[in-house]
Each structure stands twice: as structure tokens, then as C-alpha cells.
Amino acid sequence: MIRDVLAPRLLGRRVPLPLVAWLAVVWVTLWGDLTVGNVLGGLATGLAVTWLLPLPILDPGIRVRPVALAGLLLWFAVNMVTATARVVFWVAHPGAPPTRIVRAPLRTSSEAMIVLTMIALSTVPGTLVVEKYRGELVVHVLGLTGDVTGAVLADVAALEERIVRAFGTRRDREELG
């Protein structure tokens, strides 16, 4: 019922009133003068634009789950602090830091979840997503010593799982197993 209030039908097409209002604000801003005529002109223009050029209904494939999001943010904050400390250590340490390139397989096929995972990985100091290639990410890791492949794979899998639990659809969560 709220859909009928926020997007009533006008001559057979839905007109989203919040978008019409936003377009009217943009119109008045572009004219630079708040007058009744500009406001009415902005509303008329917004109404005409939204009726003549309707936007398609898009589903970005993201659902926000607050409890899982809080867990993701807490885990991410701890990971940021430890990664920052590791990078600071290697910056202050003489010589070149150890670097590795690791191929990390992904379990989800959702583009939205993959992009969020790539952004989160690239935000952490010392890691950088070099490439996405056929269901896996190629990750550059800085400052980890020894055989780090297992640890990097575990971190990427944990991050992917937390992101899917916080933002994924039911299908995305089922892909994780």
C-alpha cells in the first residue's frame, strides 16, 4: 500500500513521487532562485521526465542484515588494525618486505558480493586485488612471512562469508554451503 502512495499511477504508468521531488530540487538549484514558479516548473519537469522516461526496476542483489553487518564491521576493524601494524613494521624494517601473489577461489557467483569482497580486500593495508579471473581473485599480499597461502585463502574465505552473510540474498547464502 505504501507503493501506491509513493508511486501512484498516472495515465497507466507509475510515477515515483520521491524522484519527482528530487528532480524539482535539482531544477530549483540549477535555476538558483527559490520561487513558486521555479518550484512548480521543477515539479512539472520532474513529473514529465519520470512519466516519459520510466526507470527500470533494478535489484542490486543486496540485502542488509544488521547483526551480520555489525559482525563484519567488527571483524574488519580488527583486521585493519593488525594489517596496519604489519605494514608499519615492514616500513620501519630495513630491506624489502616479503610479498606474495595468491589465487583465492570464490564460492559465490554474485557480482555484487564479489565486488564488495574485492573492495574490502583492497581497503585492508598490505593487500590488493590484482585481478578477478574465472571465479577466483588474484591477491597481492605484503608483509607476511613464510608459506602464507593457507592463511590468505582462509582470510579471503572468511571475508567473503561475512560479506555474503551481511549483504547476500538467500541464493548467495546457499552458494556458500
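Residues numbered from 1 in each chain as written. Predicted model: local features only at pLDDT ≥ 70, side-chain atom pairs only at ≥ 80, totals over all residues. Heavy atoms only, no water.

Draft legend 1. Expanded view of the pattern of salt bridges. Enumeration over the complete set of coordinates arrives at 5 salt bridges. Of the charged contacts in the structure, one is a salt bridge between Glu-136 and Arg-103, with a shortest N-O distance of 3.0 Å. Taken as a pair, Glu-136 in strand 5 (residues 136–142) and Arg-103 in strand 3 (residues 99–105) lie far apart in primary sequence, 33 residues in all. Close ionic contact of Arg-107 with Glu-161 constitutes a salt bridge, the shortest N to O distance being 3.7 Å. In this pair, Arg-107 sits in the loop between strand 3 and helix 5 (111–123) while Glu-161 sits in helix 6 (residues 149–167), placing the two residues 54 residues apart along the sequence. The exposure class of Glu-161 is partly exposed, given its relative accessible area of 31%. (Salt bridge = Lys/Arg side-chain N within 4 Å of Asp/Glu carboxyl O. Helix = DSSP H or I, 4+ residues; strand = E, 2+ residues; numbered from the N terminus. Buried < 20%, exposed > 50% of the residue type's maximum accessible area, 1.4 Å probe, protein only.)

Draft legend 2. Molecular detail of the pairing of strand 4 (residues 127–133). With 6 bridges joining them, strand 4 and strand 5 adopt antiparallel strand pairing. Considered in strand 5, the bridge of Lys-132 is made with Leu-137. A loop of 2 residues connects strand 4 with strand 5, the two strands running antiparallel in sequence, and Arg-134 in this loop sits at a positive phi of about 45 degrees. (Pairing = 2+ DSSP bridges.)

Draft legend 3. Summary view of the packing of aromatic side chains. Applying the stated rule across the entire model yields 2 aromatic pairs. With centroids separated by 6.0 Å and ring planes inclined at 55 degrees, the aromatic side chains of Trp-27 and Trp-31 adopt a geometry described as tilted. Of this pair, Trp-27 and Trp-31 are both found in helix 2 (residues 17–31), 4 residues apart, which corresponds to roughly one turn of the helix. Residue class for Trp-27 comes out partly exposed when judged on its relative accessible area of 28%. Trp-31 gets classed as exposed once you look at its relative accessible area, which sits at 54%. Taking the centre distance of 5.2 Å and the plane angle of 80 degrees together, the rings of Phe-89 and Trp-90 count as edge-to-face. The class of Trp-90 is buried, set by a relative accessible area of 15%. Over the ring of Trp-51 we find Arg-13, and its NZ or CZ is 5.0 Å from the ring centre. (Phe/Tyr/Trp six-rings, centres within 6.5 Å; stacked < 30°, edge-to-face > 60°. Lys NZ or Arg CZ within 6 Å of the ring centre and 35° of its normal.)

Draft legend 4. Examining the environment of Phe-76 more closely. Along the chain, Phe-76 falls in helix 4 (residues 66–92). Between the C-alpha atom of Phe-76 and that of Leu-159, which follows or precedes it by 83 residues, the distance is 8.2 Å.

Draft legend 5. Looking closely at the sheet that holds strand 4. Ordered by their spatial adjacency, 3 strands build an open sheet running 3-5-4, and the pairing between neighbours is antiparallel. Every other strand in the sheet has two partners, leaving strand 3 and strand 4 as the edge strands with one partner each. Between one strand axis and the next, the sheet turns by 25 degrees as a mean value, whatever way the strands run. Sheet topology note: the strand 3/strand 5 ladder contains 7 bridges and is antiparallel. When the bridges of strand 5 are listed, Ala-104 appears paired with Leu-137. Along the sheet, helix 5 makes contact with strand 4 and strand 5, crossing strand 4 at roughly 150 degrees. (Axes fitted to C-alpha atoms, helices over the stretch in contact; angles between N-to-C directions. Contact = heavy atoms within 4.5 Å.)

Draft legend 6. Spotlight on helix 3 (residues 36–52). Taking 1.5 Å of rise per residue, 17 residues should cover 24 Å, and helix 3 covers 24 Å from first to last C-alpha, within 8% of that figure. Inspection of helix 3 places Asn-38, Gly-42, Gly-46 and Thr-50 among the buried residues, and these make up the whole buried set. One side of helix 3 carries all its buried residues, which in axial view fall inside an arc of 90 degrees. Turned more than 90 degrees away from the buried face of helix 3 sit Val-36, Gly-37, Leu-40 and Leu-52, all of them exposed. Considering only its buried residues, helix 3 is in contact with helix 2. (Expected span 1.5 Å × (residues − 1). Arc of directions from axis to C-beta.)

Nothing here speaks to function; it is all geometry.
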